[in-house]
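Analysis of the macromolecular model
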Amino acid sequence: MNWENSTLDMGRSETFRTARDLSGPARGTTSGRHERMAKSSKLSKDDWLYRLRHSLSHIMAQAVLEIRPGARLGFGPPVENGFYYDFLLDEPVSDAEFLDLEQRMRRIIAENQKFERALRPVAESLCFLEDRRQPLKVEYAQDLARRGESSLSFYRNGPFEDMCEGPHLESTGEVPENCFRLDSVAGAYWRGSEKNAMLSRIYGLAFPSAADLQRFLERRDLAKERDHRKLGQLLGIFTFDDDVGRGLPLWLPNGTTVRDELEALAREVEFRGGYQRVTTPHITKGGLYRLSGHLSHYKDSMFPPMHISDEDEDEDYYLKPMNCPHHHKIYASRPRSYRELPLRLAEFGVVYRYERSGQCAGLLRVRGMCQNDSHIYLANEQVKEEVKRVLELHRVYYEMFRLKDYWIRLSLRAPDSEKYVGQADLWELSEKVVREVLQELAIPFVEELGEAAFYGPKIDFQMQTLLGREETAATTQLDFVMAERFGLEFTDRDGQKRRPYIIHRAPLGTHERFLSYLLEHLNGAFPTWLAPVHVRILPVSEKFLGYAARLRAELVQDLFRAELDEGNERLNKKVLEAVTHKIPNLFVVGGRDQEGGTVSWRRYCRGNEQKVVRFEDARGILRTLRAGRVMDNFPDVAVPGW
RNA sequence: GCUGCUGUAGCUCAGUGGUAGAGCGCGUCCUUGGUAAGGACGAGGUCAUGGGUUCAACCCCCAUCAGCAGCUCCA
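Parameters and conventions
- Residues numbered from 1 in each chain as written.
- Chains lettered and ligands numbered in written order.
- Predicted model: local features only at pLDDT ≥ 70, side-chain atom pairs only at ≥ 80, totals over all residues.
- Heavy atoms only, no water.
- Helix = DSSP H or I, 4+ residues; strand = E, 2+ residues; numbered from the N terminus.
- Pairing = 2+ DSSP bridges.
- Buried < 20%, exposed > 50% of the residue type's maximum accessible area, 1.4 Å probe, protein only.
- Right-handed = clockwise from strand over helix to strand, strands pointing away.
- Expected span 1.5 Å × (residues − 1).
- Arc of directions from axis to C-beta.
- Domains from an automatic or database assignment.
- Phe/Tyr/Trp six-rings, centres within 6.5 Å; stacked < 30°, edge-to-face > 60°.
- Lys NZ or Arg CZ within 6 Å of the ring centre and 35° of its normal.
- Core = buried A, V, L, I, M, F, W, Y, C linked by side-chain atoms within 4.5 Å.
- Contact = heavy atoms within 4.5 Å.
- Axes fitted to C-alpha atoms, helices over the stretch in contact; angles between N-to-C directions.
- Parallel < 35°, antiparallel > 145°, perpendicular 65-115°, else oblique.
- Nonpolar A, V, L, I, M, F, W, Y, C, P; charged D, E, K, R; others polar.
- 1 Å grid on protein atoms, 1.4 Å probe; cavity = no way out; pocket = protein on both sides within 12 Å on 5 of 7 lines; lining within 4 Å.
- Points joined across faces, edges and corners; volume = space filled by probe spheres on them.
- Salt bridge = Lys/Arg side-chain N within 4 Å of Asp/Glu carboxyl O.

Turning our attention to the environment of glutamine 464. With respect to the element layout, glutamine 464 can be found in strand E19 (residues 458-464). Residues glutamine 464 and glutamine 233 lie 231 residues apart in sequence; the distance between their C-alpha atoms is 21 Å.

Here you go:
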C-alpha cells in the first residue's frame, strides 16, 4: 500500500461498521453493553414477542415465589433471546430445580390467568409494596417518585402482582406450547452496582414457537463448536496449566507458528508504514510508573511489586502493564528534531495485568499478553493525518481477514470523574481532534463517556465474540499528557523546543485476543500462509512412503511446513484426520502419482474438490499462496492454477 | 471480586460409601490400501489439591486451586 498517496476513502469502504450492523450470532445471554445495544436496535415494547418474554418473566417469578415464598423481587425484563428475573433469596435456586419451576410455569399458563394493569398513587404503591415485603421494589418506587412520577403501574395475573411498566399478553394462556426454557442461574448485582447486594438472576429462553426455540438451541450448540477455546485445543494452538497460573497461556507449536506469521505480517505492514522496531524489558522500577501515573491510576490492574532489598538496592520492581513509558524513555534517549517526526516506535511488547480472578476467559482475557504496540511522537499539525494513517492500518487487517462483527467506539472521559489526568481544555481539544478525524473519514462510530484511557481519548474497535461478549480488539489513543510528564520535546524549525503529541496504537490489539477472534471468525480454518501446517502428504500405502518422503523433503527445503502421514491406516482415515484438523492442503500420493510425478491435491476450503497436479506446479502454487498471503480459506478467493 | 454450577485416562463423558468404566486418541501386530473411521491385542487414572467425618471416601462435609455461565470490572 502506498501510504503517501492513499486516498483514505474509508467512508465508501464496507470495512467500518456501526453497532447496528452487528448481525448478532447465537447468544445465550447478554452483557450490560449488549442490553444497551439491544434496546436501541431490537424489539419495541409493542412487539408481541416482547410482551411474551416479559409475561414469561412474571410467570417465572410467580413459580419461584411458590418454592421460595420469602423471595424478594428485583427486576425482570425481557432481553434478547428471552427474559430474566432477579431475586434476593434466602436459599439459592439451582438449575436442578428448573424442571420443577418449568412445570409450575406450564400450570400457570394452563390456568390462563388474565394480565390486569392498575395505576396506584405513589403513597398507596409504597404501602402495598411494603405490605408485600418487597424492599427492592420499594426502593425503586421511591426513586420513581423522586423523579416526579405521581402514580405507578402494576400488573396482576392470578395471585402474582408486580410493580411493572408492562406491557404484557392478554393472559398467560397466550403463551405458545414449549416456546420457553429456563436456561441458567447466575449472580447479578442489584441495579448493576457491585456495592449492592448480589441477587440470583434466573435466565429463560423464549421464542415465538417451539420450533424457534429448538432452532436457537441448535444454533447455540453449533456456535459452541466454534469457541476459540475448543478450537485452540483441537488445533493445538494453546493450553493452560494450573501450575503456571490463571490467565497465563502456554502457546503450543502450532499456535506459535500462527503468532509468528501474524507478526511477520505486521512487521512488513509497519515497515512500509515507516515504523521502527524497539525492544524493552518486562520489569521496571516503580519510579517509572510513578512518573507515568500508572501507580496512581492503574495500580489495581498491576501485579504487586517485587521488592529488592539488599546493601546495594532498595527498590520495588513491577511487571510492566503497558509499554508506553519505556517507549517514551527511548524517545527521550537523545535530543529530537522536528525532522524525525512522526517518530514511530513499534514493539510486540509483552505486558502483564492483574485481572480479577473471575475475569479471565480463554485467550480473550488473560494476565500476560503480547501487544502489537506502537507509540508515535509527532507535532500538533501532524496529528490528524497520522490518526488517519493509523486507521488505514486497521483497514488493511480488517479487510484482509474480513472481520465484521465489531463497532467503533469513540471513548471519551467522564468530565466529573477523578480517574483522568491532564487539563480539561486539553482533553476537550484532543477529543475534538479525534472526533473530527472520524467524521472526516465518514467512519460510523458511537461516543461513550467514561471509556477513555486515563491520559487521553481512544478510538476502540469493539468486537463481539461468538458467545456474545464484547471486548476491545484494537485501540488508538491520543495522548497529550505523557509528553509533559516525561519532559519530552523536539527542536522545531524555528529552533524552539516543543512538546510532541503521542499516539498509542495497537491495530491487532494483543496476539491473544486477536487470535481468539480470528479462530472463531475463521472457524479454525486458516489460509495456507497462516496455517500451522501448509500441506500434509498422505501416501495411499506404505509402498509410496518413499515418494511421499521425497516430496516432503523438497517442500521442507523450500521452508514449507509440510507433514507426512506415515500412519498405518487406510486413506479414508488419514483424510478424516487431516480434515478434522482443518489442514488447508492435502497431497494424496499413490502409484499413479509416483509414475507421473504428480500429487492429488485436496483443499480444505473447497470440500471434496481435488485436482491432479504435477508436483513442481503444486509447489509453485503453494509459493504463490504463501508469498501473496492469499486468503485461500475463503472459497470465493481465486487460487492461481486452480 | 461476587452468585451458581463443574473438576474421574491425552480428549468427550458414564459410575458407586467397600480403592474404577466406555468411546475416541495413543502403542504393537495383522491388513498394503485412491479421498470423512479395516481388524486384533495392549499401555494409560493418588478419581483437581489439602483437611475432616467414617471400620472404610472418587462418592458425604470444609477449605484451596482451576474451569464454565452470568454480574461487576476492563481507567
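Read across the sheet, eight strands follow the order E11-E15-E16-E23-E20-E19-E17-E18 without closing on themselves; strand pairing throughout is mixed. Strands with a single pairing partner mark the edges of an open sheet, and in this sheet they are strand E11 (276-277) and strand E18 (446-449).

Our next topic: the pairing of strand E24 (residues 535-539). Taking burial as the measure, the five residues of E24 include five buried ones, the bulk of the element. Because side chains alternate across E24, one face comprises the buried residues Val535, Ile537 and Pro539, and the other comprises Arg536 and Leu538, equally buried. Pairing analysis gives three bridges linking E24 to strand E25 (residues 562-564), with the strands arranged parallel. What sits directly across from arginine 536, in E25, is glutamate 563. Between E24 and its parallel partner E25, the chain crosses via helix H16 (residues 545-557), and the hand of that crossover is right-handed. With five bridges joining them, E24 and strand E26 (residues 585-589) adopt parallel strand pairing. Bridging from a neighbouring strand, proline 539 pairs with valine 589 of E26.

Another aspect to go through is helix H6 (residues 210-225). A rise of 1.5 Å per residue sets the reference length of H6, with its 16 residues, at 22 Å; its end C-alpha atoms lie 23 Å apart and thus fit the reference within 8%. Residues Leu213, Phe216, Leu217, Arg220 and Ala223 constitute the buried set of H6. One face of H6 carries all of its buried residues, which in axial projection span an arc of 120°. Those residues of H6 that are exposed and angled more than 90 degrees off the buried face are Glu218 and Leu222.

This part takes up the domain arrangement of chain A. It is common to give the size of an interface as the accessible area lost on bringing the parts into contact. For chain A, the domain assignment lists domain 1 (43-225), domain 2 (233-522) and domain 3 (535-627). Its C-alpha centre places domain 1 at a distance of 58 Å from the equivalent point of domain 3.

Here we come to the packing of aromatic side chains. Under the criterion given, the structure shown has 21 aromatic pairs. Look at tyrosine 85 and phenylalanine 87: their rings are 5.2 Å apart centre to centre, the planes differ by 25°, and that puts the pair in the stacked class. Residues tyrosine 85 and phenylalanine 87 agree in their burial class; the two are buried. The interplanar angle of 80° and the centroid separation of 5.8 Å between the aromatic rings of phenylalanine 238 and phenylalanine 240 together place this pair among those described as edge-to-face. By relative accessible area, phenylalanine 240 is classed as partly exposed at 32%. Through successive ring pairs, a cluster of aromatic residues spans Phe75, Tyr140 and Trp190. The side chain of arginine 120 reaches across the aromatic face of phenylalanine 154, ending 4.7 Å from its centre. Geometry around tyrosine 331 places arginine 336 over its ring, the cationic atom sitting 5.3 Å from the centre.

Take the nonpolar core next. Leu391, Phe401, Ile459, Phe526, Leu555 and Phe587 are the most contacted members of the largest nonpolar core, which has 111 residues in total. Here this core takes eight residues from helix H12 (residues 383-400), the largest share from any one element. Both of domain 2 (233-522) and domain 3 (535-627) provide at least three residues apiece to this core. With residues near it in sequence (within four places) discarded, phenylalanine 587 still touches Val535, Arg536, Ile537, Leu538, Leu555, Val599, Ser600, Trp601, Phe615, Ala618 and Leu622.

Put simply, helix H8 (residues 253-272) and helix H15 (residues 511-522) touch, their axes get as near as 11 Å, and they point 105° apart. By the angle between their directions, the pair H8 and H15 is classed as roughly perpendicular. Of H15, the residues touching H8 (which contributes Val258, Arg259, Leu262 and Glu263) are His511, Glu512, Phe514 and Leu515. A class-by-class count of the residues in the contact of H8 with H15 yields four nonpolar, one polar and three charged.

Evaluated as defined, the whole model comprises two cavities of 30 Å³ or more. As for the largest cavity, its lining consists of Ala525, Phe526, Pro527, Thr528, Lys582, Ile583, Pro584, Arg603, Tyr604, Cys605, Asp632 and Asn633. For the lining of the largest cavity, the class distribution of residues is seven nonpolar, two polar and three charged.

Here the focus is the sheet that holds E25. Strand order in the open sheet formed by five strands is E25-E24-E26-E27-E28, with mixed pairing between adjacent strands. Each edge of the open sheet carries a strand with a single partner, namely E25 and strand E28 (610-614). Direction aside, the axes of adjacent strands within the sheet are offset by 30° on average. When strand E27 (residues 598-603) meets E28, the two strands line up antiparallel, connected through five bridges. Paired with valine 599 across the two strands is valine 613, which belongs to E28. Its contacts with the sheet place H16 against E24, E25, E26 and E27, and it is angled at close to 165° to E25.

Spanning 12 residues, H15 covers 16 Å between terminal C-alpha atoms, matching the ideal 16 Å at 1.5 Å per step. Of all 12 residues that make up H15, 11 are buried, and the element is covered over most of its length. What H15 keeps buried is the set His511, Glu512, Arg513, Phe514, Leu515, Ser516, Tyr517, Leu518, Leu519, Glu520 and Leu522. Residue asparagine 523 follows H15 closely and has a positive phi angle near 55°.

To continue, consider the environment of phenylalanine 238. Mapped onto the elements of the fold, phenylalanine 238 is located in strand E9 (residues 238-239). Judged by relative accessible area, which is 7%, phenylalanine 238 ranks as buried. Considering only alpha carbons, one finds phenylalanine 238 and threonine 475, 237 residues apart in sequence, at a separation of 24 Å. Contacts of phenylalanine 238, omitting those with residues within four sequence positions, involve His228, Arg229, Gly232, Leu250, Trp251, Leu252 and Leu363.

Per the counting criterion, the structure on display carries 56 salt bridges. Among the ionic pairs, arginine 409 bridges to glutamate 451, the shortest N-O distance being 3.5 Å. A residue pair is termed long-range when its members are at least 10 positions apart, and arginine 409 in strand E17 (residues 406-412) and glutamate 451 in the loop between E18 and E19 qualify at 42 residues. Owing to a relative accessible area of 2%, arginine 409 belongs among the buried residues under this scheme. Between arginine 499 and glutamate 484 there is a salt bridge, with the nearest N and O atoms lying 3.3 Å from each other. In this pair, arginine 499 sits in the loop between strand E22 (497-498) and strand E23 (501-506) while glutamate 484 sits in helix H14 (residues 482-486), placing the two residues 15 residues apart along the sequence. Judged by its relative accessible area of 52%, glutamate 484 is exposed. Beyond isolated ion pairs, a larger network of salt bridges with shared partners links Glu66, Asp100, Arg104, Arg107 and Glu111.

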